[in-house]
Amino acid sequence: PYPVWRRMRDEKPLYYNERYDFFALSRYEDVSPALTDWQTYRSGKGSVLEIIKANIEIPPGVILFEDPPRHDIHRSLLARVFTPKKMMALEPKVREFTTRCLDPLVEGGEFDFVRHLGAQMPMRTIGFLLGIPESDQEAIRDRLDESMKLEDSKDRDIYEDGLLDGSIFADYIDWRTKHPSDDLMTELLTAEFQDETGTVRRLTHEEILTYVMLLAGAGNETTTRLIGWTGKLLAEHPDQRRQLAADRSLIPNAIEEILRYEAPSPIQARYVARDVELYGQMVPEGSVMTLLNASANRDDRHFASGETFDIRRKIDRHLTFGYGIHFCLGAALARLEGRVALDEVLKRWTDWEIDWANAKMAHTSTTRGWERLPTRVS
Ligand code: HEM
């Protein structure tokens with residue numbers, strides 16, 4: 001989509017798609033302020049085009065799909081439990097999960113950035129954080145991935161299929177209620193907060209189910225795609241890969257550049273809550289506006305030579321994790337996972353090539369990236 005997005009930035013910075021009836025903003029200078037203007041560009045009907053169009057009721061607690069004041073109540077509760085400090089403390093675990101993915105492969109020579117690493121380690125990490133037993137993690141991830149598949153989303157009830165409903169975790173939450181531990185789930189079960197009516201209370205089981213679905217849904221696939229893009233981009237830029245192998249202190253900036261260059265979650269959709277005029281054109285209240293954060297990330301008007309991948313670039317705030325009140329709650333964790341994954345790969349192999357004949361893109365409505373990325377390593 002990048003060549004199309006570039007044309008949109010240059011020729012139609014406000015684009016209207018007649019066939020599917022939505023608008024799009026693609027320039028950094030437009031996307032960035034729109035992400036912070038939640039009064040105009042609302043998430044309460046969903047932040048995915050198909051969900052806004054489907055006009056379904058969203059259960060409380062899916063903060064991605066909420067506006068203030070409800071958003072703020074749930075966001076601050078989640079943020080209390082889900083602190084950057086706690087994420088950072090996970091580094092040894094993230095390293096352990098990564099090592100467990102990679103070590104069995106060292107002798108074999110066949111390695112898939114996505115299947116062997118990207119689809120495994122984030123799932124183990126979020127599973128560990130929530131205290132979900134490893135034996136259940138894979139089934140849960142597959143079910144989540146299935147629920148986000150694009151192909152058949154038109155004919156399905158999103159609730160029934162589990163995109164917004166956390167019933168697959170219900171047994172586990174019941175069990176944890178009876179057996180408290182020191183994990184995040186127990187913290188959620190016991191946290192007190194003031195709800196919309198002013199009552200101080202604990203979360204209901206239903207709300208916790210929603211939170212867990214949200215965290216697992218928002219945190220798994222996106223990070224899987226980040227790890228895939230890491231493999232792909234560094235395969236295509238051998239010089240930069242070798243620089244990294246020689247100086248691993250460049251890794252954090254390289255991960256930022258990978259995030260900028262290939263945003264795993266490239267489009268955020270919003271419901272337009274009042275008439276707005278942009279580039280001389282009226283966007284009526286009730287329209288759907290898509291904010292192309294991936295396009296903004298490559299806008300030459302903001303990033304010098306935006307279409308060039310450069311791990312040494314100084315990055316002036318990419319929009320891959322969004323911006324404003326919905327800024328990704330898991331950004332610190334995602335960065336940590338990306339950094340550790342790349343570090344551990346580079347410790348084992350400094351050269352790799354993608355087996356393109358067998359690589360495959362993933363097709364979901366919210367993320368962009370690889371499903372299979374078989375790699376020859378040395
Ligand atoms: C929100 C991207 C990883 C949890 C967001 C948003 C983006 C995003 C773009 C804002 C959406 C909007 O404005 O409508 C990503 C990417 C990731 C990643 C690219 C990985 C590379 C994670 C992880 C977690 C997580 C690991 C948690 C474990 C969340 C939550 C929100 C969110 C809870 C909703 C915040 C709110 O609405 O207030 N993410 N994310 N994300 N993300 Fe992430």
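The structure this text deals with has already been given above.
Residues numbered from 1 in each chain as written. Predicted model: local features only at pLDDT ≥ 70, side-chain atom pairs only at ≥ 80, totals over all residues. Heavy atoms only, no water.

A. Fine view of the site of the ligand. Close to the ligand lie 28 residues, the nearest being His71, Arg75, Arg270, His326 and Cys328. Put simply, the parts of the chain that give the shell around the ligand at least two residues each are α4 (70–81), α12 (205–236), β7 (268–272) and α16 (331–348). No other element matches α12, which puts seven residues into the shell around the ligand. Of the residues contributing to the shell around the ligand, the split by class is 16 nonpolar, 10 polar and two charged. (Near = heavy atom within 4 Å. Helix = DSSP H or I, 4+ residues; strand = E, 2+ residues; numbered from the N terminus. Nonpolar A, V, L, I, M, F, W, Y, C, P; charged D, E, K, R; others polar.)

B. Structural view of the packing of aromatic side chains. In total, this model carries 11 aromatic pairs according to the counting rule given. For the pair Tyr261 and Phe309, a centre-to-centre distance of 5.5 Å together with 65° between the ring planes defines the contact as edge-to-face. Here Phe309 lies in the loop between α15 (293–296) and α16 and Tyr261 lies in helix α14 (residues 251–261), a separation of 48 residues in the sequence. The same class applies to Tyr261 and to Phe309, which are both buried. Sitting over the ring of Tyr271, Lys45 keeps its end group 4.8 Å from the ring centre. The ring of Trp352 is capped by Arg241, whose NZ or CZ atom sits 5.2 Å from the centre of that ring. (Phe/Tyr/Trp six-rings, centres within 6.5 Å; stacked < 30°, edge-to-face > 60°. Buried < 20%, exposed > 50% of the residue type's maximum accessible area, 1.4 Å probe, protein only. Lys NZ or Arg CZ within 6 Å of the ring centre and 35° of its normal.)

C. Here's a closer look at the nonpolar core. Grouped together as the largest cluster of nonpolar side chains are 79 residues, with contacts concentrated most on Phe111, Leu117, Ile173, Leu244 and Trp352. With 14 residues, the single largest contributor to this core is α12. Residues within four places of Leu117 in sequence aside, it is in contact with Thr98, Cys101, Leu102, Phe111, Asp112, Pro122, Ile227, Ala341 and Val345. Listed in part, the 17 residues of the second largest apolar core include Tyr28, Val31, Leu35 and Ala296. (Core = buried A, V, L, I, M, F, W, Y, C linked by side-chain atoms within 4.5 Å. Contact = heavy atoms within 4.5 Å.)

D. Representation of the side chain of Arg124. Counting through the fold element by element, Arg124 comes out in helix α8 (residues 121–130). In this structure Arg124 comes out as buried when scored by relative accessible area, which is 14%. Those residues in contact with Arg124, other than ones at most four positions away along the chain, are Phe97, Arg100, Glu134, Gln137 and Glu138.

E. Layout of the packing of α14 against α16. The geometry of α14 relative to α16 is characterised by a closest axis approach of 9 Å and an angle of 115° between their N-to-C directions. At the point where α14 passes α16, the crossing takes the right-handed sense. Contacts from Ile251, Pro252, Ile255, Glu256 and Leu259 in α14 reach Arg335, Gly338, Arg339, Leu342, Asp343 and Leu346 in α16. A breakdown of the residues in the contact of α14 with α16 according to their chemical character gives six nonpolar, one polar and four charged. (Axes fitted to C-alpha atoms, helices over the stretch in contact; angles between N-to-C directions. Left-handed = near helix turned anticlockwise from the far one by under 90°.)

F. Focus on the sheet that holds strand β1 (residues 14–17). Judged by pairing direction, the sheet is mixed, and its five strands sit side by side in the order β1-β2-β10-β7-β3 without closing on themselves. Two strands bound the open sheet, and with one partner strand each, they are β1 and β3 (41–42). Examined bridge by bridge, β7 and strand β10 (residues 288–291) share four bridges and lie antiparallel to one another. In the strand pairing of β10, Ala269 is matched with Thr290. (Pairing = 2+ DSSP bridges.)

G. Representation of the sheet that holds strand β14 (residues 374–377). Reading across the sheet, the three strands line up as β4-β14-β11 and stay open at both edges, with antiparallel pairing between neighbours. The sheet terminates laterally at β4 (110–112) and β11 (352–354), the two strands that pair on one side only. On average, each strand axis in the sheet is tilted by 35° relative to the strand beside it, whichever way the strands run. Strand direction decides the pairing type here: β4 and β14, joined by three bridges, are antiparallel. Bridged to Phe111 within β14 is Thr375.

H. Summary view of the packing of α4 against α12. Contact geometry for α4 and α12: axes closest at 12 Å, N-to-C directions at 70°. Viewed along their axes, α4 and α12 adopt a mutual orientation that is roughly perpendicular. Residues His74, Leu77 and Leu78 of α4 form the contact with α12, whose participating residues are Glu207, Tyr211, Leu214 and Leu215. Looking at the contact of α4 with α12 residue by residue, the class counts come to five nonpolar, one polar and one charged. (Parallel < 35°, antiparallel > 145°, perpendicular 65-115°, else oblique.)

I. How the structure looks around the pattern of salt bridges. Enumeration over the complete set of coordinates arrives at 38 salt bridges. Residues Arg368 and Glu262 are paired through a salt bridge, measuring 2.8 Å at the closest nitrogen-oxygen approach. Residue Arg368 is found in strand β13 (residues 368–372), and its partner Glu262 is found in the loop between α14 and β7; the two are separated by 106 residues along the sequence. Since its relative accessible area comes to 5%, Glu262 is described here as buried. Asp299 is paired through a salt bridge with Arg301; the nearest N and O atoms lie 2.7 Å apart. Judged by relative accessible area, Arg301 falls into the partly exposed class, the value being 41%. Bridged by salt links that share partners, the residues Glu91, Arg95, Asp103, Arg248, Arg339, Asp343, Glu344, Lys347 and Arg348 form one connected network. (Salt bridge = Lys/Arg side-chain N within 4 Å of Asp/Glu carboxyl O.)

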